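# Fold and geometry: a report
If you want the building blocks of each chain, they are given just below.
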Amino acid sequence: MEIMPEIQKRISVRNFKDIAIKQDVISRVLEAGQLAPSAKNRQPWRFLVIDNPELKKKIQEASYGQEHIGKSGVIILACSTNIEYEMPNGQQSYPIDISFAVSFMMLQAEHEGLGSCVITTYDEEEIKSLVSVPYSMRVVMMLLLGYTDEHLIVRDRQQIKRIFAFNHW
């Protein structure tokens, strides 16, 4: 099995078709997030899947009107249950842990033939209020999933020799 094709094909999608995503596909995407690594294996995440059209529209409004949010098949709210844990290097673990989980979900979504897009621009307090996220938790990011008409886009990337080094800067 090779994963590089999914990595190479994945793009941030903003045009979704109005096609429902089957529950077994969503379950596999969520399982990929569940299997992601986390600091001290704390697994500080909860994922809330939003498929209700009216609620998706309200989340779109709380995200400054970004139209692709309401048009996605589902919205997955990636929430942290442990916003206090600081790793020995001084960094908070939850943004890193949630990023790993969402990255795993994006790759599984690509494998399933879905497009995805990470959303980090929204009014967190309004989102939390809409879906009753507990006060002690954070909505770290949202992941949009859906079928798309978008095709492979050649992404402008820096040359590999400019971003990697071995043994010294």
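Before any of the text, the structure's been laid out above.
Note that the coordinates shown come from a computational prediction; the quantities given were computed from them, not determined experimentally.

This part takes up the overall build of the protein chain. Summing up its helical and strand segments, the protein chain has 7 helices and 4 strands in all. In sequence order, the secondary structure elements of the protein chain are arranged as α-α-β-α-α-β-α-β-α-β-α. The C-alpha radius of gyration of the protein chain comes to 17 Å, within 12% of the 15 Å expected for a compact globule of 169 residues. Seen through its C-alpha atoms, the protein chain measures out along the principal axes to roughly 55 × 40 × 30 Å. Within the protein chain, the proportion of its 169 residues that are buried is 42%.

Another point: the environment of K17. Examined against the element boundaries, K17 turns out to sit in the loop between α1 (4-9) and α2 (23-34). A relative accessible area of 34% places K17 in the partly exposed class. With 20 residues separating them in the primary sequence, K17 and P37 have C-alpha atoms 32 Å apart.

The strand order β1-β2-β4-β3 describes an open sheet built from 4 strands, whose pairing is antiparallel. Both outer strands of the open sheet, β1 (45-50) and β3 (115-119), are each paired with one neighbouring strand and no more. Across the sheet, the axes of successive neighbouring strands diverge by a mean angle of 20 degrees, strand direction being ignored. Inspection of the sheet shows strand β2 (residues 74-80) paired to strand β4 (residues 138-146) by 7 bridges, in the antiparallel sense. Bridge pairing in β4 places S80 opposite R138. Where helix α3 (residues 53-62) meets the sheet, it contacts β1, β2 and β4, and its direction lies at approximately 115 degrees from that of β1. Across the sheet, helix α6 (residues 124-131) touches β1, β2 and β4, and the angle it forms with β4 is around 75 degrees.

Between α2 and helix α5 (residues 94-111), whose axes approach to 7 Å, the crossing angle comes to 145 degrees. As for how α2 packs across α5, the hand of that crossing is right-handed. Counted together, R28, V29, L30, A32 and G33 of α2 and A101, F104, M105, Q108 and A109 of α5 form the full contact between these two elements.

We now examine the state of the cysteines. Within the structure shown, the criterion is met by 0 disulfides. Unpaired in this structure, C79 has its nearest cysteine sulfur neighbour in C117, at a distance of 17 Å.

Before going further, it helps to spend a moment on the nonpolar core. Core analysis: the biggest nonpolar cluster contains 21 residues, and V102 and L145 have the highest contact counts within it. Listed by contribution, the elements that provide at least two residues to this core are α2, β2, α5 and β4. Broken down by element, the residue count for this core peaks at 7 residues, all from α5. Setting aside chain neighbours within four positions, we find L145 in contact with F16, I21, V29, S72, G73, V74, I76, A109, L114, G115 and S116. In terms of nonpolar packing, the next biggest core, distinct from the first, is built from 20 residues, A62, C117, I127 and V139 among them.

Time to look at unusual backbone geometry. Phi is positive for K40, close to 55 degrees, though the residue is something other than glycine. Examined against the element boundaries, K40 turns out to sit in the loop between α2 and β1. Classification of K40 as exposed rests on a relative accessible area of 63%.

So, about α5. Taking 1.5 Å as the rise per residue, α5 with 18 residues should run 26 Å; its terminal C-alpha atoms sit 26 Å apart, in good agreement. Along α5, the residues classified as buried are Y94, D97, I98, A101, V102, M105, M106, Q108, A109 and E110. Buried-residue contacts for α5 involve α1, α2, β1, β2, β3 and β4. Where α5 terminates, the next one or two residues include G113, which has phi positive at roughly 85 degrees.

About the thresholds
- Residues numbered from 1 in each chain as written.
- Predicted model: local features only at pLDDT ≥ 70, side-chain atom pairs only at ≥ 80, totals over all residues.
- Heavy atoms only, no water.
- Helix = DSSP H or I, 4+ residues; strand = E, 2+ residues; numbered from the N terminus.
- Rg over C-alpha atoms; globule rule 2.2 N^0.38 Å.
- Buried < 20%, exposed > 50% of the residue type's maximum accessible area, 1.4 Å probe, protein only.
- Pairing = 2+ DSSP bridges.
- Axes fitted to C-alpha atoms, helices over the stretch in contact; angles between N-to-C directions.
- Contact = heavy atoms within 4.5 Å.
- Left-handed = near helix turned anticlockwise from the far one by under 90°.
- Disulfide = S-S within 2.5 Å.
- Core = buried A, V, L, I, M, F, W, Y, C linked by side-chain atoms within 4.5 Å.
- Expected span 1.5 Å × (residues − 1).

Read these as spatial facts, not as claims about activity.
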